[in-house]
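One-letter residues, chain by chain:
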Amino acid sequence: MKKLILLFIITTFCLGGSAQDLNYAKEVVKTLSSPEFKGRGYVGNGHKIAAKYISKQYADIGLKSFGKNYFQPFEINANTFPSKMELKLNGETLIPGEDYIIDPKSASLKGEFPVVVIREKDLLNKTKLADVVRNSSGKVLIIDETNSEVEDAEDKKTIKEVVDYLKFSPEVPSVATIIYTDKKLTWSGSTIQKPKTSFIVNKKLNLKSISEVSIKVKARLITCETNNVVGYLEGTEKPDSFLVVLGHYDHLGKMGSKMYIPGANDNASGISMLLSLAKYYKENPHKYSIVFIALGAEEMGILGAKYYVKNPLFDLDRIRFLVNFDMAGTGDEGIKVVNGTVFRKEFDLLNELNKQNNYIHSVNIRGESCNSDHCMFYQQGVPSFFIYTMGGIQAYHDIYDRFETLPFTAFEGYSELMINFFDTFE
Ligand SMILES: [Zn+2]
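Residues numbered from 1 in each chain as written. Predicted model: local features only at pLDDT ≥ 70, side-chain atom pairs only at ≥ 80, totals over all residues. Heavy atoms only, no water.

- As named in an unreviewed UniProt entry, the protein is Peptidase family M28, taken from Tangfeifania diversioriginum.

What follows is the structure, given as structure tokens:
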């Protein structure tokens, strides 16, 4: 009986411990992607609210700081859409995020305009294109990219160039453009503002029946201070050698006064992994010092990482290995390791650890890719991986990247695998 009770206590304790960690990880994602954090962009200072929250977590966990606090401030430009945005076709109001997004480089515009429509394939026909452009003065130019008949790669490239020209060139007399698409809407950020306005619309419409477009957009190009948030735990045996845990906390923020992009998987989940590892290593000190860098302004062009490597808080040469966590919330198909082919020894080790312990579905290899924060460090010679989870929900840079639907499929196994991996550095 005594044995049974002991077993019961041990099991409960272990389960309790592990469940609590996942609860903490979920709480972090839930908080960072909540409406109060405004998509961690530059409308309503969402990015600052997020940085402050992370610094509070660092303090609660007990991380040290390199300076007087955890913040490393730097300046960026951001094109923002702070006030009410409206797009109406024939009087019908479209839903932001669901039916349309605005091109992030867009300028302000207000008014009601007639329309002119061109099919995507006609962009390759010089006569038709010239006709439409001539006829577009004072109108909204709708480029119909649905049911694309263009397959040739060269043609596709040409079309992209023509569309970019039509959208923003002052030589084109249209007031605005609408790209009418049947592809998923994916928003992004911009540090610049162009002199015209452009939308991407995905909604079942009878284009022929549309005669009038009503637009209300206020765009503000701002310069603001944002932060990297940096803390560390001192190593027990090699305090001058560093392992770095990296992830960006910023996201795309708000599009107008109502809609925001929550960024649960991208990258509240990576920050959640970063904080979970910080908590673990506070309790289980590593031989190496471990630095936790939550970067700002990744979505604006990896700007936080660019700033950090130019202004490192300790010598970059002392980084033994760096892992960038950008999207950690799914995992039905395991993880993908960017730079896996470059740091093959480390990749094989990671893969082997997973095979031995069955933490997650699979560890998959990928080559170099300059698509996230690790790249800036890698270009400076820092040995690094960028890891993201694969499979499951495909929401990305849209209103559907929410906490409520993020599965956390591999999260626990993934963090155990990473701890096991970091622990091999002796
Ligand atoms: Zn990201």
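**Overview of the overall build of the protein**
Alright, step 1. Looking only at helices and strands, one finds 9 helices and 18 strands in the protein.
Alright, step 2. In terms of overall dimensions, the protein is globule-like: its C-alpha atoms have a radius of gyration of 24 Å, near the 22 Å expected for 426 residues.
Alright, step 3. Considering only C-alpha atoms, the protein reaches an extent of 85 × 50 × 40 Å along its principal axes.
Alright, step 4. Total accessible area on the protein stands at roughly 19300 Å², and carbon and sulfur atoms take up 51% of it. (Helix = DSSP H or I, 4+ residues; strand = E, 2+ residues; numbered from the N terminus. Rg over C-alpha atoms; globule rule 2.2 N^0.38 Å. Areas by Shrake-Rupley, 256 points an atom, 1.4 Å probe, with all protein chains shown as cover.)

**Quick word on unusual backbone geometry**
In terms of backbone geometry, most residues other than glycine have negative phi values and most peptide bonds are trans.
Alright, step 1. At the junction of aspartate 266 and asparagine 267, the peptide bond is cis and its omega measures out at -5 degrees in the coordinates.
Alright, step 2. One can find asparagine 267 in helix H5 (residues 264–283).
Alright, step 3. Despite not being glycine, alanine 297 shows a phi value in the positive range, around 55 degrees.
Alright, step 4. When you line up the elements, alanine 297 lands in the loop between strand E14 (288–295) and helix H6 (303–310).
Alright, step 5. Alanine 297 gets classed as buried once you look at its relative accessible area, which sits at 0%.
Alright, step 6. Phi is positive for histidine 397, close to 55 degrees, though the residue is something other than glycine.
Alright, step 7. Summarising the element assignment, histidine 397 is placed in the loop between strand E18 (384–389) and helix H9 (411–422).
Alright, step 8. Exposure remark for histidine 397: the relative accessible area of 7% places this residue in the buried category. (Buried < 20%, exposed > 50% of the residue type's maximum accessible area, 1.4 Å probe, protein only.)

**Topic: the coordination of the zinc ion**
Alright, step 1. Listed as protein donors to the zinc ion are His248 (NE2), Asp266 (OD) and Asp326 (OD); their distances from the metal cover 1.9 to 2.5 Å.
Alright, step 2. Here the donor residues for the zinc ion map to a single chain with the spacing H-x17-D-x59-D. One end of the pair, aspartate 266, is in helix H5; the other, aspartate 326, is in the loop between strand E15 (319–325) and strand E16 (335–338), and 60 residues separate them in sequence. Each member of the pair aspartate 266 and aspartate 326 is classed as buried. (Donors = N, O, S within 2.8 Å, 3.2 Å for Na, K, Ca; no water.)

**Section: the packing of H5 against H9**
Alright, step 1. Between H5 and H9, the least distance of the axes is 11 Å, while the angle of their chain directions is 50 degrees. One way to sum up the angle between H5 and H9 is to call them oblique. The element H5 and its partner H9 pack so that their crossing is right-handed. Listed contacts from H9 to Ser269, Ser272, Met273, Ser276, Leu277, Tyr280 and Tyr281 of H5 are Phe411, Tyr414, Ser415, Ile419 and Phe422.
Alright, step 2. Of the residues in the contact of H5 with H9, the class split is 8 nonpolar, 4 polar and no charged. (Axes fitted to C-alpha atoms, helices over the stretch in contact; angles between N-to-C directions. Parallel < 35°, antiparallel > 145°, perpendicular 65-115°, else oblique. Left-handed = near helix turned anticlockwise from the far one by under 90°. Contact = heavy atoms within 4.5 Å. Nonpolar A, V, L, I, M, F, W, Y, C, P; charged D, E, K, R; others polar.)

**Comments concerning helix H7 (residues 344–357)**
Alright, step 1. The terminal C-alpha atoms of H7 lie 20 Å apart, and with 14 residues this matches the ideal 20 Å at 1.5 Å per residue to within 8%.
Alright, step 2. Tucked into the core, H7 has its buried residues touching E15, E16, strand E17 (363–365), E18 and H9.
Alright, step 3. Downstream of H7 by one or two residues, asparagine 358 has phi in the positive range, about 55 degrees. (Expected span 1.5 Å × (residues − 1).)

**As for empty space enclosed by the protein**
Alright, step 1. Counted by the stated rule, this structure contains 1 cavity of 30 Å³ or more.
Alright, step 2. In this structure, the largest cavity encloses a volume near 120 Å³.
Alright, step 3. As for the largest cavity, its lining consists of 15 residues, and the residues nearest its centre are Tyr42, Asn79, Trp187, Gly189 and Leu252.
Alright, step 4. At 3 residues, strand E1 (residues 71–80) tops the list of elements feeding residues into the lining of the largest cavity.
Alright, step 5. Its residues assigned to classes, the lining of the largest cavity comprises 8 nonpolar, 6 polar and 1 charged.
Alright, step 6. Structurally, the lining of the largest cavity is a two-domain feature, drawing no fewer than three residues from each of domain 1 (24–80 + 222–422) and domain 2 (86–217). (1 Å grid on protein atoms, 1.4 Å probe; cavity = no way out; pocket = protein on both sides within 12 Å on 5 of 7 lines; lining within 4 Å. Points joined across faces, edges and corners; volume = space filled by probe spheres on them. Domains from an automatic or database assignment.)

**Quick notes on the pattern of salt bridges**
Alright, step 1. Applying the stated criterion to the full structure yields 19 salt bridges.
Alright, step 2. Lysine 56 is paired through a salt bridge with aspartate 60; the nearest N and O atoms lie 2.8 Å apart. Of the two residues, lysine 56 and aspartate 60 are both situated in helix H2 (residues 46–61); the distance of 4 residues between them amounts to about one turn of the helix.
Alright, step 3. Exposure remark for lysine 56: the relative accessible area of 48% places this residue in the partly exposed category.
Alright, step 4. A salt bridge links glutamate 86 to lysine 84; the nearest nitrogen and oxygen atoms lie 3.2 Å apart.
Alright, step 5. A residue is classified by how much of its surface remains accessible, and lysine 84, at 42% relative accessible area, is partly exposed. (Salt bridge = Lys/Arg side-chain N within 4 Å of Asp/Glu carboxyl O.)

**Some remarks on the domain arrangement of the protein**
Alright, step 1. According to the domain assignment, the protein consists of domain 1 (24–80 + 222–422) and domain 2 (86–217).
Alright, step 2. When each unit is reduced to the centre of its C-alpha atoms, the spacing between domain 1 and domain 2 is 35 Å.
Alright, step 3. Counting from both sides, the interface comprises 18 residues of domain 1 and, opposite them, 19 residues of domain 2.
Alright, step 4. Across the contact surface, domain 1 and domain 2 share 1 salt bridge.
Alright, step 5. Aspartate 398 is the partner of lysine 184 in a salt bridge, and the nearest nitrogen-oxygen pair spans 2.7 Å.
Alright, step 6. At the junction of domain 1 with domain 2, the criterion picks out 7 residue pairs in polar contact (both at pLDDT 80 or more).
Alright, step 7. At the level of secondary structure, the elements contributing two or more residues to the side of domain 1 that touches domain 2 comprise E1 and strand E12 (254–255).
Alright, step 8. A per-element tally of the side of domain 1 that touches domain 2 places E1 first, with 3 residues.
Alright, step 9. In terms of residue class, the side of domain 1 that touches domain 2 is made up of 10 nonpolar, 5 polar and 3 charged. (Polar contact = N/O pair within 3.5 Å; in protein donor to acceptor, adjacent residues only side chain to side chain.)

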